[in-house]
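Notes for the structure review
Residues per chain, in single letters:
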Amino acid sequence: MQLKDKWIVGLVKPYSTVEEILIQQGFKRCGRMEVPTFQLTIQDSATRSTYLLKIPVSLDPSYQEEHLSKVGYPYLEKLSYMEKLRPSLTIPEPIKRAAESKLAEIADYLQSN
């Protein structure tokens, strides 16, 4: 499920700054260096479900010499084999709000650096 966070999508910052802030906020880098994605695990204790908040980051070729990166559209997915079989399962509102809150916090950090 793609999340709509107008404050974070499209931000262009030095890759080292983006990586540092996301790691400080509990994200882990995964994927290839050319197209890294940062992911955060969110546990829902009420349903005992696990969700992944993912933020893709692209290295902008026009800024290659400065190592700038552009933040992509974040998305949230349920970590479950059954979710792959039945993608229509909805993500609870409290989980969506928690993910959006985390994105707003990250956007604040990125915009202040």
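A brief look at the structure comes next. (Residues numbered from 1 in each chain as written. Predicted model: local features only at pLDDT ≥ 70, side-chain atom pairs only at ≥ 80, totals over all residues. Heavy atoms only, no water.)

**Digging into unusual backbone geometry**
For the record, the criterion: Buried, partly exposed and exposed residues are distinguished by accessible area as a fraction of the type maximum, computed with a 1.4 Å probe on protein chains only: under 20%, between the cut-offs, and over 50%, respectively.
Despite not being glycine, Arg-48 shows a phi value in the positive range, around 55 degrees. Using a relative accessible area of 78% as the deciding quantity, one classes Arg-48 as exposed.

**Side note on the pairing of strand E4 (residues 49–59)**
Stated formally: A run of DSSP states H or I qualifies as a helix once it reaches four residues; a run of E qualifies as a strand once it reaches two. Both are numbered from the N-terminal end. At least two bridges found by DSSP between two strands are what make those strands a pair.
In terms of residue burial, E4 counts as a mostly covered element, since eight of its 11 residues are buried. Two elements, strand E3 (residues 37–44) and E4, share eight bridges in a ladder whose sense is antiparallel. Bridge assignment links Phe-38 to a residue of E4, and that residue is Ile-55. The turn joining E3 and E4, which pair antiparallel and follow one another in sequence, is formed by four residues; a positive phi near 55 degrees is taken by Arg-48.

**Section: the pairing of E3**
Put simply, side chains in a regular strand alternate between the two faces of the sheet. Here three bridges tie strand E2 (residues 28–30) to E3, and the two strands are oriented antiparallel to one another. Note that in E3 the partner of Arg-29 across the bridge is Phe-38.

**So, the side chain of Gln-25**
Note the threshold: In what follows, residue pairs with any heavy atoms lying within 4.5 Å of each other are defined as contacts.
Structurally, the position occupied by Gln-25 is in the loop between helix H1 (15–24) and E2. In this view, Gln-25 contacts Leu-40, Lys-102, Glu-105, Ile-106 and Tyr-109; residues no more than four positions away in its chain are not counted.

**Observations regarding the environment of Ile-95**
Within the secondary structure, Ile-95 is located in helix H3 (residues 93–112). Along the primary structure Ile-95 and Leu-76 are separated by 19 residues, whereas in three dimensions their C-alpha atoms are 9.1 Å apart.

**Considerations on the packing of aromatic side chains**
Formally: Two rings from Phe, Tyr or Trp (for Trp, the six-membered ring) form a pair when their centres are within 6.5 Å of each other. A pair whose planes differ by under 30 degrees is stacked, one over 60 is edge-to-face, and the rest are tilted.
The tally for this structure, following the rule as stated, stands at one aromatic pair. For the ring pair Tyr-15 and Phe-38, a centre distance of 6.4 Å and an interplane angle of 40 degrees mean the geometry is tilted. In this pair, Tyr-15 is assigned in helix H1 and Phe-38 in strand E3, connecting sequence segments 23 residues apart. You'll find Tyr-15 and Phe-38 in the same group, each marked buried.

**Describing H1**
One turn of the α-helix equals 3.6 residues, which is why residues spaced by three or four share an orientation. Note the cut-off: Throughout, the arc means that of the directions going from the helix axis to the C-beta atoms.
Considered for burial, the residues of H1 that qualify are Tyr-15, Thr-17, Val-18, Ile-21 and Leu-22. Taken end-on, H1 shows its buried residues confined to a sector of 165 degrees, consistent with a single buried face. Downstream of H1 by one or two residues, Gly-26 has phi in the positive range, about 100 degrees.

**Description of H3**
Stated precisely, the cut-off is as follows: Multiplying 1.5 Å by the residue count of a helix minus one yields the expected span of that helix.
The end-to-end C-alpha distance of H3, which contains 20 residues, comes to 29 Å, matching closely the 28 Å that a straight helix rising 1.5 Å per residue would cover. Among all positions in H3, only Ile-95, Lys-96, Ala-99, Lys-102, Leu-103, Ile-106, Ala-107 and Leu-110 are buried. One face of H3 carries all of its buried residues, which in axial projection span an arc of 145 degrees. When the buried face of H3 is taken as reference, the exposed residues oriented beyond 90 degrees from it are Pro-94, Arg-97, Asp-108 and Ser-112. At its buried positions, H3 is contacted by strand E1 (12–14), H1, E3, E4, strand E5 (68–71) and strand E6 (75–78).

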